[in-house]
Amino acid sequence: MLHPDIARDLHIDRICTRFEDELKSGSEPRMELYLEDCTEDIREEVFRELLTLQLWYAQQRADQVSIRDYLDCFPEFQEVIWECFQQMNFSRQDATPPR
C-alpha cells in the first residue's frame, strides 16, 4: 500500500497530466470538471497547477486571456489567480499576455 502522501501526489499528478494532455491536443479543457475529481484538501493545489498549465499554454499560443473570466468562475481562488497571473508575467491591469 502506498504512503498517503505518495497516493495524494500521484492523484494530483494524474489530474494534471490528463488536463495537460487535453491542452496539448488543442482542446480547451474545463478546469471545473477536473476539480470535481478533487477532495477539499487538494482542491486549491490542483487549481493552482491547472491554472499555471493553462496560462503557460495560452502564452505559447499567444492567446488572449482574461483574468476576469477566472475570477468570475472561481471566486474562491481569487488570491491564487492573481498569484498565477503575476508569476506568468501577465499584467495585473490588462491581464493579457505580453507582446
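Note that the coordinates shown come from a computational prediction; the quantities given were computed from them, not determined experimentally. (Residues numbered from 1 in each chain as written. Predicted model: local features only at pLDDT ≥ 70, side-chain atom pairs only at ≥ 80, totals over all residues. Heavy atoms only, no water.)

Q: I tried to follow the side chain of Gln 54 on my own but got confused; where do I start?
A: One can find Gln 54 in helix 3 (residues 40–61). Those residues within four positions of Gln 54 in sequence are excluded, and the remaining contacts are Phe 19, Leu 23, Pro 29, Met 31 and Tyr 70. (Helix = DSSP H or I, 4+ residues; strand = E, 2+ residues; numbered from the N terminus. Contact = heavy atoms within 4.5 Å.)

Q: What should I look at first to understand the nonpolar core in this one?
A: In globular proteins that are soluble, nonpolar side chains generally tend to be buried together. Ranked by internal contacts, the top residues of the largest apolar core, which has 29 residues, are Phe 47, Leu 50, Tyr 70 and Ile 81. Counting residues per element, the ones that place at least two in this core are helix 1 (4–24), helix 2 (31–35), helix 3, helix 4 (67–73) and helix 5 (78–87). For this core, the leading source of residues is helix 3, giving nine residues. (Core = buried A, V, L, I, M, F, W, Y, C linked by side-chain atoms within 4.5 Å. Buried < 20%, exposed > 50% of the residue type's maximum accessible area, 1.4 Å probe, protein only.)

Q: What should I look at first to understand the packing of helix 1 against helix 3 in this one?
A: Geometrically, a packed helix pair is captured by the angle between its two axes and the distance between the axes. For the pair helix 1 and helix 3, the least separation of the axes is 10 Å and the interaxial angle reads 25 degrees. It follows that helix 1 is roughly parallel to helix 3 by the angle criterion. The two elements helix 1 and helix 3 cross, and the hand of that crossing is right-handed. Here helix 1 contributes Arg 8, His 11, Ile 12, Ile 15, Cys 16, Phe 19, Glu 20, Leu 23 and Lys 24 to the contact with helix 3, which in turn contributes Asp 41, Ile 42, Glu 45, Val 46, Glu 49, Leu 50, Leu 53, Gln 54, Tyr 57 and Arg 61. (Axes fitted to C-alpha atoms, helices over the stretch in contact; angles between N-to-C directions. Parallel < 35°, antiparallel > 145°, perpendicular 65-115°, else oblique. Left-handed = near helix turned anticlockwise from the far one by under 90°.)

Q: Please explain helix 1 as it appears in this structure.
A: For an α-helix, the turn length of 3.6 residues means that residues three or four places apart are oriented alike. With 21 residues, helix 1 should reach 30 Å at 1.5 Å per residue; the first-to-last C-alpha distance of 30 Å fits that figure. Along helix 1, the residues classified as buried are Ile 12, Ile 15, Cys 16, Phe 19 and Leu 23. Looking down the long axis of helix 1, one finds its buried residues gathered within 90 degrees of arc, a one-sided arrangement. Summarising the contacts, the buried residues of helix 1 are in contact with helix 2 and helix 3. Among the residues trailing helix 1, Gly 26 stands out with phi positive, at a value near 95 degrees. (Expected span 1.5 Å × (residues − 1). Arc of directions from axis to C-beta.)

Q: What is the right way to read the state of the cysteines from this model?
A: A covalent bond between the sulfur atoms of two cysteines is what we call a disulfide. Summed over the entire model, instances satisfying the criterion amount to zero disulfides. In this structure Cys 16 is a free cysteine whose sulfur lies 8.1 Å from that of Cys 38, the closest cysteine sulfur available. (Disulfide = S-S within 2.5 Å.)

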